[in-house]
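So you can see what is in the structure, the chains are spelled out below.
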Amino acid sequence: IPRCHHPGIEAGAVTTEKTMNMPHPQLIPLAEDLGIPASWYTIALSAELKPGTILPFTLAGISLLAYRTASGTACVVEDRCPHLGGSFSKGSVVGNHIRCPVHGFAFDTVGTCVETGFSEVSSKACINQWPVLDSNGLVMVFYHPQGQAPAWQPEAVDWQGWSAQIMQTATFPA
């Protein structure tokens, strides 16, 4: 799993001043067991996540968002810019980068800051990409309660002869 790797910053660390040594939420075992098993979770049909689309969602109480770059890569990141905590879901996808709406910080598909919108690119600004699988007509993200990397992935399915996929979303009151 790609992590932020910058001199003087621990790998996987959120790079805001307030939380400089706090690991990314994906790496933090949850304080309470929510009973959510480690698995690949479907977040959208591949056809629904078109280039430039941003899809916010919550998994295990963590605000995330999926987006697809202009080149077609599906990505999932935490919905929080490391600069000042702006919400990427209110931002935009510009080419192959996700851009924060607050100051224009833009990040590539491996999490490197490539533009700040007002000054030199900071070597401390980075985001962590979550494991994503775009297969079988589905976009899936991997979650593990202890932040471990996926040890498996769903096999590709030959859909020839099957009817079209339909995905319905149900929400339940808390």
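Heads up: the structure comes first, above all this text.
Residues numbered from 1 in each chain as written. Predicted model: local features only at pLDDT ≥ 70, side-chain atom pairs only at ≥ 80, totals over all residues. Heavy atoms only, no water.

Trainee: Before we move on, can you summarise the sheet that holds strand 4 (residues 74-78) with the specific residues and values?
Mentor: What the 3 strands build is an open sheet, ordered 2-3-4; its pairing is antiparallel. Looking at strand neighbours, the two that pair on one side only are strand 2 (54-59) and strand 4, the edges of this open sheet. Each adjacent strand pair in this sheet contributes to an overall mean axis angle of 25°, direction not counted. (Pairing = 2+ DSSP bridges. Helix = DSSP H or I, 4+ residues; strand = E, 2+ residues; numbered from the N terminus. Axes fitted to C-alpha atoms, helices over the stretch in contact; angles between N-to-C directions.)

Trainee: Got a sec to walk through the packing of aromatic side chains? Specific residues and values, please.
Mentor: Taken as a whole and assessed by the stated rule, the structure comprises 2 aromatic pairs. Between the aromatic rings of Phe88 and Phe107, the centroid separation amounts to 5.8 Å while the plane-to-plane angle is 85°, which identifies the pairing as edge-to-face. Placement of Phe88 in the loop between strand 4 and strand 5 (92-94) and of Phe107 in strand 7 (residues 106-107) is noted, with a sequence separation of 19 residues between them. For Phe88, a relative accessible area of 0% translates into the label buried. (Phe/Tyr/Trp six-rings, centres within 6.5 Å; stacked < 30°, edge-to-face > 60°. Buried < 20%, exposed > 50% of the residue type's maximum accessible area, 1.4 Å probe, protein only.)

Trainee: Go over the nonpolar core, please, and point to the residues and values.
Mentor: What tends to happen in soluble globular proteins is that the nonpolar side chains get buried as a cluster. Leu65, Tyr67, Phe88, Ile98, Phe105 and Phe107 are the most contacted members of the largest nonpolar core, which totals 15 residues. For this core, the elements supplying multiple residues, two or more each, are strand 3 (62-68) and strand 4. By size, the runner-up hydrophobic cluster in this structure holds 14 residues, among which are Phe57, Ala60, Ile62 and Leu64. (Core = buried A, V, L, I, M, F, W, Y, C linked by side-chain atoms within 4.5 Å.)

Trainee: Summarise the pattern of salt bridges; cite the residues concerned and give the values.
Mentor: Taken as a whole, this structure holds 3 salt bridges when the rule is applied. A salt bridge links Arg80 to Glu78, with the shortest nitrogen-to-oxygen separation between them at 3.4 Å. Judged by its relative accessible area of 25%, Arg80 is partly exposed. Salt-bridge contacts for Glu115 lead to Arg99; the nearest nitrogen and oxygen are separated by 3.3 Å. Of this pair, Glu115 sits in strand 8 (residues 113-115) while Arg99 sits in strand 6 (residues 97-99), placing them 16 residues apart in sequence. We classify Glu115 as partly exposed; its relative accessible area is 34%. (Salt bridge = Lys/Arg side-chain N within 4 Å of Asp/Glu carboxyl O.)

Trainee: An account of the side chain of Thr116 is needed here, citing residue identities and associated values.
Mentor: Here Thr116 is to be found in the loop between strand 8 and strand 9 (132-135). Apart from the residues lying within four places of it in its own chain, the contact partners of Thr116 are His103, Gly104, Phe105, Val121 and Ser122. (Contact = heavy atoms within 4.5 Å.)

Trainee: So what's going on with the sheet that holds strand 8? Which residues, and what values?
Mentor: An order of 5-6-7-8 is seen for the 4 strands of this open sheet, with the pairing classed as antiparallel. What marks the edges here is a single partner per strand, and that holds for strand 5 and strand 8. In this sheet, strand 7 lies alongside strand 6 in antiparallel orientation, the contact comprising 2 bridges. Note on strand 7: the bridge partner recorded for Ile98 is Phe107.

Trainee: Describe the pairing of strand 4, naming the residues involved and giving the relevant values.
Mentor: By the criterion of burial, strand 4 is predominantly enclosed, with 5 of the 5 residues buried. Going residue by residue along strand 4, you find Ala74, Val76 and Glu78 tucked away on one face and Cys75 and Val77 tucked away on the opposite face as well. By the bridge criterion, 5 bridges tie strand 3 to strand 4 in an arrangement that is antiparallel. When the sheet's bridge partners are listed, Arg68 is paired in strand 4 with Ala74.

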